[in-house]
Amino acid sequence: MLSSTSLKFSALALGLMWMVGCQSLSTSPAPESTSSATKPAEATVTTSSERAQTSAEQQAEDAMITVHLAQLQHGPELLTVDLGDDKKLYALPLPVLNRGDMEGVEAFGTKDGKTFIVFTMTEQGRTKLAELTAKAQGHFFLFGAQGQMIGISRINEPMADGKLVMPTQDKAHTVQVMQLLR
């Protein structure tokens, strides 16, 4: 039988898959809102023009790992992510970070049993992460890999060290996520 946590995680995964699907259908960026109060943070999403890949290859690689910015307040251009138990987050339709902003990923565990996945950012990703987290404290990062929701992290402080930390549920969840990222 599925636990309440598993159901929430499944609902979140479906929500992210829907967001990623909507993202791939869009051929132009979402229009900017004139009210900054309805957006979690202003962010410029850029693709790496330095790579010698075709546009389709780049989009496929970048879609493998995505990080969306979400908040608790509804906004006109935000997508609703239902977490179950009447809990919802509202996310930007396009990712604010993707695989092109990351150069490495490692799993970590603490002595007290907490587990994490740490994404090491590229120089461009480090700059984006620092700017995003400085502006979006109190909001959330929604992590996705290959169209599946893999985690949620609250932004509590600016992250200027180039490390994006995603807590995981336990060792088994960490192993599953690492396999998905390969």
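Everything numeric here is computed off the predicted structure, so don't read it as measured data. (Residues numbered from 1 in each chain as written. Predicted model: local features only at pLDDT ≥ 70, side-chain atom pairs only at ≥ 80, totals over all residues. Heavy atoms only, no water.)

**Student:** Even after reading the chapter, I still don't get helix α4 (residues 171–181), so can you show me in this structure?
**Tutor:** Owing to its 3.6 residues per turn, the α-helix aligns residues three or four sequence positions apart on the same side. H173, T174, V177, M178, L180 and L181 are the residues of α4 that are buried. Here the buried residues of α4 occupy an arc of 160° about the axis, which is enough to place them on one side. Set apart from the buried face of α4 by more than 90 degrees, the exposed residues are K171, Q176 and Q179. Between the side-chain oxygen of the N-cap and the backbone nitrogen of A172 there are 3.2 Å, and the N-cap of α4 in question is D170. (Buried < 20%, exposed > 50% of the residue type's maximum accessible area, 1.4 Å probe, protein only. Helix = DSSP H or I, 4+ residues; strand = E, 2+ residues; numbered from the N terminus. Arc of directions from axis to C-beta. Polar contact = N/O pair within 3.5 Å; in protein donor to acceptor, adjacent residues only side chain to side chain.)

**Student:** Would you take a moment to explain the pattern of salt bridges for this structure?
**Tutor:** Any two side chains of opposite charge can pair, on the condition that their charged atoms come close. Summed over all chains, the structure comprises one salt bridge. The residue D101 makes a salt bridge to K128 at a minimum N-O spacing of 2.9 Å. In this pair, D101 sits in the loop between β4 (97–98) and β5 (102–109) while K128 sits in helix α3 (residues 123–135), placing the two residues 27 residues apart along the sequence. For the residue pair D101 and K128, the accessibility class agrees, reading buried in each case. (Salt bridge = Lys/Arg side-chain N within 4 Å of Asp/Glu carboxyl O.)

**Student:** Looking at this model, I keep getting lost on the pairing of strand β2 (residues 79–84). Mind explaining?
**Tutor:** Two faces belong to every sheet, and in a regular strand the side chains alternate between them. Of the two faces of β2, the one lined by L79, V81 and L83 is fully buried and the one lined by T80, D82 and G84 carries no buried residue. In this structure, β2 lies alongside strand β3 (residues 87–91), joined through five bridges in antiparallel fashion. Bridged to G84 within β3 is K87. What sits between the antiparallel neighbours β2 and β3 is a turn of two residues, in which D85 has the positive phi angle 50°. (Pairing = 2+ DSSP bridges.)

**Student:** Looking at this model, I keep getting lost on α3. Mind explaining?
**Tutor:** The end-to-end C-alpha distance of α3 is 19 Å, a good match for the 18 Å that 13 residues give at a rise of 1.5 Å each. If you check which residues of α3 are buried, you get G125, K128, L129, L132 and T133. All buried residues of α3 lie within an arc of 120° about the axis, which places them on one face of the element. Residues E123 and K135 are exposed on α3 and point more than 90 degrees away from its buried face. Buried-residue contacts for α3 involve β1 (65–71), β4, β6 (115–121), β7 (140–145) and β9 (163–168). (Expected span 1.5 Å × (residues − 1). Contact = heavy atoms within 4.5 Å.)

**Student:** Before we go on, may I ask you to explain the side chain of N98 in this structure?
**Tutor:** The topology assignment puts N98 in strand β4. A distance of 2.9 Å separates a polar atom in the side chain of N98 from the backbone nitrogen of G100.

**Student:** Just to check I follow, could you spell out unusual backbone geometry for this structure?
**Tutor:** Both trends apply: most residues other than glycine have a negative phi, and most peptide bonds are in trans. We note that D86 has phi near 55°; this positive angle belongs to a residue other than glycine. With respect to the element layout, D86 can be found in the loop between β2 and β3. In this structure, Q146 is a non-glycine residue whose phi angle is positive, near 50°. For Q146, the location among the structural elements is in the loop between β7 and β8 (148–154). For Q146, a relative accessible area of 42% gives the class partly exposed.

Don't take any of this as a statement about function, it's just geometry.
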